[in-house]
Amino acid sequence: MPSKKTDAPRTSEAAGTQTPDRANTNAKLQSLEDVRSDPTGQALRTNQGVRIADNQNTLKAGARGPSLLEDFIMREKITHFDHERIPERIVHARGTGAHGYFQSYGCHAELSKAGFLQDPEKITPVFVRFSTVQGPRGSGDTVRDVRGFAVKFYTDEGNFDLVGNNMPVFFIQDAIKFPDFVHAVKPEPHNEMPTGGSAHDTFWDFVSLVPESAHMVMWAMSDRAIPRSLRMMEGFGIHTFRLINAEGVANFVKFHWKPRQGVHSLLWDEAQKLAGKDTDFQRRDLWEAIETGDYPEWELGVQIVPEADEHKFDFDLLDPTKIIPEELVPVTPLGKMVLNRNPDNFFAETEQVAFCPGHIVPGIDFTNDPLLQGRLFSYTDTQISRLGGPNFHQIPINHPVAPNHNNQRDAMHQHVVHKGRASYEPNSIDGGWPKETPAGPQDGGFESYQERIDAHKIRERSESFADHFSQARLFFESMSETEQQHIVKAYSFELGKVEREHIRAREVNEILANIDLQLAAAVAANLGLPAPKAGTVKVKGSQLKQSPALSQMNHLGDVGIKGRKIAVLVADGVDGGSVDHWRKALEAHSARILVLGPTSAPVKTADGQMLAVDASMEGMPSVMFDGVVVPGGKKALDALAASGLAKHFLLEAYKHLKAIASAAEGKSLIDGLGLKMDKGLLAGDDQKAVDAFVKAVEGHRVWEREAAAEAIPA
Ligand code: HDE
């Protein structure tokens, strides 16, 4: 049955004006939707279609007797159940997905001949999967880790997968090191600890021995590794790719996703608490945003470098441990992506989706980045064991909307009944079909960019990949003071969990001291290590002193407080008018308002009405919100002042630098907690108070409060 939800534009383009291949696209999309099974009104049957009369009892020899082998209904059910699990991804096992669409802002024919970038009217369906890297499928969402950001574009010319992360660089330069890196970051082999994090000996042993990881580790120790929401992350293709136009002119590009929701993070204390209070915090956040119609949106952009400028930078474009600072090459916006439909079934869609950086379409091509080159092999290979054979492209979520006739045949889980009598090419039996399409400016067959290579076959790293510290330093120096402090704390926390002192010392003296001596000294002091000496590596430094684009403080987004979660704390005796006032005022900004009571039971307002609550303060603690409102009503305020739960809620929100507004009469509650008013701690019900509150939530945190918040117990 077709999906009942119709928000997601799943039509591709008007039939009739295109080639027969393209005219088939709508029908193809529809057939992909038809695999969605709807049991409404249907009888319970076996896999063979037999109606089942009793789904409660096994066939037995007498009511108290042994079960009979003959029971094909029970055997079929249990056998299927026994095989329900497939291997989880070796990395990025924990993930969540969503459907949506991509729409180009205009015609980008000068840059690429890829069809989905030509026409602003054209809607290209996408499926996105966000993930953490280290933890298993059931691990926590809010651990300190890189986030995967993988997008499958179902274009008319075949699937294009942009398999990126929320950080623009990577830990290693050459694919042959990937198994070493992953073995090091994964839980320790002897006791399988820790789950979901990198704060352990093997990770720090590896990265302290491999200086090329220095830049990426800096990102991983920054707030980028604990995003507030999957909706609030940038995405990066990392490697340099090529875009090629119809004339065959190529440019180097780096892909960027810029969230309209801004780039925001959790605080470390919040992230840790959330890992226990709501393991699913981020998948729930994305799911609820989409269910409530608050569709997250990203802008796809590219940094463009003409082929002639390949060697104009102080780093190598092929080195995946380097960014192109946006101040040197700005990001050119190409189009937008909107996520507007949740999957119907997690396993069928999110778990079975198979990405591969090698899935590209005409108009896009690779470069010789040695990490990218290895990835081109790995992804298809891993799907063969994960999804049980080479026909994983036939699984509906992986199926292109473009036709995919060829002479590949058979293999495990073959779903297609190939009607041709000849499964080879050339043939004269089937009229020679399917036939090659010559490469061409539009609708041509794929043609690789004809890069000239004149080289020795050699195992060697290019000298141009040798500078490991300049950009790590640029990153640190581009951070605000607050962000720098968070980085110091993250290194101190993680290295504090490392048992072997020589590993801690090596990271401080041989890595951090080469990046920034003050950073190294601060971490050393927190670990009780001797003050480090200046690093021994001669670091040439970057062309730029700072890159403001690297600081999250400069990415507040442009949707205001839309989709931000605000808790309204109530108790018996609350002023119902005050609740309505705040609700209306904040809903006008499209924030999500949740009323929290002492328990999940409704409360009685001052004028005797029953007010339903969305949850208890215990069920939805302050770490799940972006801001808190305490409406008026003397009796309710007194009750909150006497409640440990409510006081903890407010103190914790204050500690986590969140905006808190109370009705004017609630000031005594704030005073009673010993808190000083600031830009984000407000008392008042008038428009001025509402505006100040909205502004504080928009700013994400009340950073000026950080010193005062230190004194509040966690
Ligand atoms: Fe991956 N990576 N990776 N990776 N990666 C996988 O493929 C691999 C790398 C990324 O939501 C695996 O289907 C190698 C960089 C994402 O399903 C595997 C190397 C970047 C996802 C694999 C890298 C990524 C994966 C595991 C070094 C950012 C999750 C399961 C040469 C640009 C996709 C799978 C999803 C998944 C291999 C490095 C991103 C084993 C060999 C760099 C977002 O094939």
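Summarised in this report is the structure supplied together with it. All residue numbers refer to position in the chain's written sequence, counted from 1. Confidence filtering applies because this is a predicted model: local features only for residues at pLDDT of at least 70, side-chain atom pairs given and counted only at 80 or more, and all residues used for totals across whole chains, interfaces and linings. Only hydrogens and water are set aside when side-chain values are computed; all heavy atoms of the structure are taken into account.

1. A short note on the sheet that holds strand S15 (residues 615–616)
Strand pairing requires that DSSP identify at least two bridges connecting the strands. Secondary structure follows DSSP: runs of H or I at least 4 residues long count as helices, runs of E at least 2 residues long count as strands, and numbering of each begins at the N terminus. Read across the open sheet, the six strands follow the order S15-S12-S11-S16-S17-S18; overall the sheet is parallel. Looking at the sheet topology across the chains shown, the edges are occupied by S15 and strand S18 (681–683). As defined by bridge partners, strand S16 (residues 627–630) adjoins strand S17 (residues 659–662) across four bridges and the pair is classed as parallel. The partner of Val-630 across the bridge, within S17, is Ser-662. The sheet contacts of helix H17 (residues 644–655) involve strand S11 (565–569), strand S12 (592–597), S16, S17 and S18, and relative to S16 the element is tilted by about 140 degrees. Note on contacts: a residue pair qualifies if any of its non-hydrogen atoms lie within 4.5 Å across the two residues. Only the stretch in contact is used when a helix axis is fitted, and all axes are lines through C-alpha atoms; the angle between N-to-C directions ranges over 0 to 180 degrees. Set on the sheet, helix H19 (residues 687–698) makes contact with S11, S16, S17 and S18; between it and S17 the angle comes to about 165 degrees.

2. Some thoughts on empty space enclosed by the protein
Any residue with an atom within 4 Å of a point lines the site, the site being either a cavity, points on a 1 Å grid over the protein atoms alone where a 1.4 Å probe fits but cannot get out, or a pocket, an open set with protein on both sides within 12 Å along at least 5 of 7 lines. Grid points are joined across faces, edges and corners, and a volume is the space filled by probe spheres set on the points. Tallied over the full model, the rule gives seven cavities of 30 Å³ or more. Approximately 150 Å³ is the volume attributed to the largest cavity. Every residue lining the largest cavity is counted, 18 residues in all, and those nearest its centre are Pro-168, Phe-236, His-256, Ile-323 and Ile-324. With three residues, the single largest contributor to the lining of the largest cavity is strand S7 (residues 250–259). In this count, Pro and Cys sit with the nonpolar residues alongside Ala, Val, Leu, Ile, Met, Phe, Trp and Tyr, while Asp, Glu, Lys and Arg are called charged and the others, Gly among them, polar. Looking at the lining of the largest cavity, its residues break down into 10 nonpolar, four polar and four charged. Volume-wise, the second largest cavity comes out at about 110 Å³.

3. Considerations on the site of the ligand
The nearness test applies per residue and asks whether one of its heavy atoms lies within 4 Å of the molecule or strand. Near the ligand, the surroundings consist of 22 residues, among which Arg-89, Arg-129, Ser-378, Tyr-379 and Gln-383 are the closest. Under the rule applied, a polar contact is a pair of N or O atoms within 3.5 Å (in protein, one hydrogen donor and one hydrogen acceptor; residues adjacent in sequence only if both atoms are side-chain atoms). Between the ligand and the protein, one listed contact pairs an oxygen atom with a side-chain N or O atom of Arg-129 at 2.6 Å. Those elements giving two or more residues to the shell around the ligand turn out to be strand S3 (147–155), strand S4 (158–165) and helix H10 (370–386). Per element, the largest residue contribution to the shell around the ligand is six residues, and it comes from H10. Each residue belonging to the shell around the ligand can be placed in one class, and the counts come to 11 nonpolar, eight polar and three charged.

4. Some points on the pattern of salt bridges
Any two side chains of opposite charge can pair if their charged atoms end up close together. What makes a salt bridge here is a side-chain nitrogen of Lys or Arg within 4 Å of a carboxyl oxygen of Asp or Glu, nothing more. Under the definition given, this model contains 42 salt bridges. A salt bridge links Glu-270 to Lys-658; the shortest N-O distance between them is 2.7 Å. Placement of the pair is Glu-270 in helix H7 (residues 268–277) and Lys-658 in the loop between H17 and S17, with a sequence separation of 388 residues. Accessibility classification places Glu-270 together with Lys-658 in one group, the buried group. Only protein chains enter the accessibility calculation, which uses a 1.4 Å probe. A residue is then buried if its area is under 20% of the maximum for its type, exposed if over 50%, and partly exposed in between.

5. Describing the packing of helix H12 (residues 481–496) against helix H14 (residues 517–527)
Contact geometry of H12 with H14 gives a least axis separation of 9 Å together with a crossing angle of 40 degrees. As the angle between them shows, H12 and H14 are arranged oblique. For the pair H12 and H14, the sense of crossing is right-handed. Residues Ile-487, Val-488, Tyr-491, Ser-492, Leu-495 and Gly-496 of H12 pack against Leu-519, Ala-522, Val-523, Asn-526 and Leu-527 of H14. The residue makeup of the contact of H12 with H14, split by class, is eight nonpolar, three polar and no charged. Should an angle fall under 35 degrees it is taken as roughly parallel, and over 145 as roughly antiparallel, whereas 65 to 115 is taken as roughly perpendicular and any remaining angle as oblique. The handedness criterion is simple: a crossing whose near helix is rotated anticlockwise from the far helix by less than a right angle is left-handed, and one whose near helix is rotated clockwise is right-handed.

6. Re the coordination of the iron atom of the ligand
Of all protein atoms, Tyr-379 (OH) alone acts as a donor to the iron atom of the ligand, lying 1.9 Å away. Looking at the secondary structure, you find Tyr-379 in helix H10. In this description, a donor is an N, O or S atom within 2.8 Å of the metal centre, a cutoff extended to 3.2 Å for sodium, potassium and calcium. Water is not part of the atom list, which can make sites seem incomplete.

7. Structural notes on the pairing of S3
Across the nine residues of S3, nine count as buried, placing the element largely inside the fold. Pairing between strand S2 (residues 123–132) and S3: seven bridges, direction antiparallel. Counterpart to Val-126 in the pairing with S3 is Phe-153. Where S3 lies against S4, eight bridges are found, and the strand directions are antiparallel.

8. What to know about the side chain of Asn-398
Along the chain, the position of Asn-398 falls in the loop between H10 and helix H11 (470–478). For Asn-398, the side chain forms a polar contact with the main-chain oxygen of Gln-352, separated by 3.0 Å. Excluding residues within four positions of it along the chain, Asn-398 makes contact with Lys-152, Asn-159, Gln-352, Val-353, Ala-354, Leu-387, Phe-392 and His-393.

9. Quick look at helix H15 (residues 576–587)
Across its 12 residues, H15 extends 16 Å between first and last C-alpha, which sits within 8% of the 16 Å expected from 1.5 Å per residue. Those residues of H15 that sit buried are Gly-576, Ser-578, Val-579, Trp-582, Ala-585 and Leu-586. Along its buried surface, H15 packs onto S11, S12, strand S14 (610–611), S16, S17 and H19. By the N-cap criterion, in which a side-chain oxygen at the helix start approaches the backbone nitrogen of a residue two or three places on, H15 is capped by Asp-575, the distance to Gly-577 being 2.9 Å. Each helix should span, by expectation, one fewer than its residue count multiplied by 1.5 Å.

10. Looking at the packing of helix H4 (residues 178–185) against helix H5 (residues 201–209)
Two quantities define a packed helix pair, namely the angle between the axes and the distance from one axis to the other. Contact geometry for H4 and H5: axes closest at 6 Å, N-to-C directions at 145 degrees. Facing H4, whose interface residues are Asp-180, Phe-181, Ala-184 and Val-185, H5 presents Thr-202, Phe-203 and Phe-206. Within the contact of H4 with H5, the residues separate by chemical class into five nonpolar, one polar and one charged.

11. So, the environment of Ala-525
With respect to the helices and strands, Ala-525 occurs in helix H14. When the C-alpha atoms of Ala-525 and Ser-492 are compared, they prove to be 9.0 Å apart, with 33 residues separating the residues in sequence.

12. Overview of the packing of aromatic side chains
To pair, rings of Phe, Tyr and Trp, with the six-membered ring standing in for Trp, must have centres within 6.5 Å; the planes then decide the type, stacked if under 30 degrees apart, edge-to-face if over 60, and tilted in the middle. This model, assessed by the stated rule, comprises 28 aromatic pairs. Relative to Phe-160, the ring of Phe-116 has its centre 5.8 Å away and its plane inclined at 35 degrees; by these criteria the two rings are tilted. With a gap of 44 residues between them, Phe-116 in the loop between strand S1 (95–104) and S2 and Phe-160 in strand S4 connect regions that are remote in the sequence. Judged by relative accessible area, which is 2%, Phe-116 ranks as buried. Three or more aromatic residues link up through ring pairs in this structure, and these residues are Phe-102, Phe-116, Phe-130, Phe-149, Phe-153, Phe-160, Phe-241, Phe-255, Trp-257 and Trp-298. Lysine and arginine charges are scored as sitting over a ring when NZ or CZ, respectively, is within 6 Å of the ring centre and within 35 degrees of the ring normal. Its end group placed over the ring of Phe-355, Lys-152 keeps NZ or CZ at 5.2 Å from the ring centre. For Lys-435, the ring lying beneath its charged end belongs to Trp-433, and the centroid distance is 4.3 Å.

The values are spatial; any link to function lies outside them.
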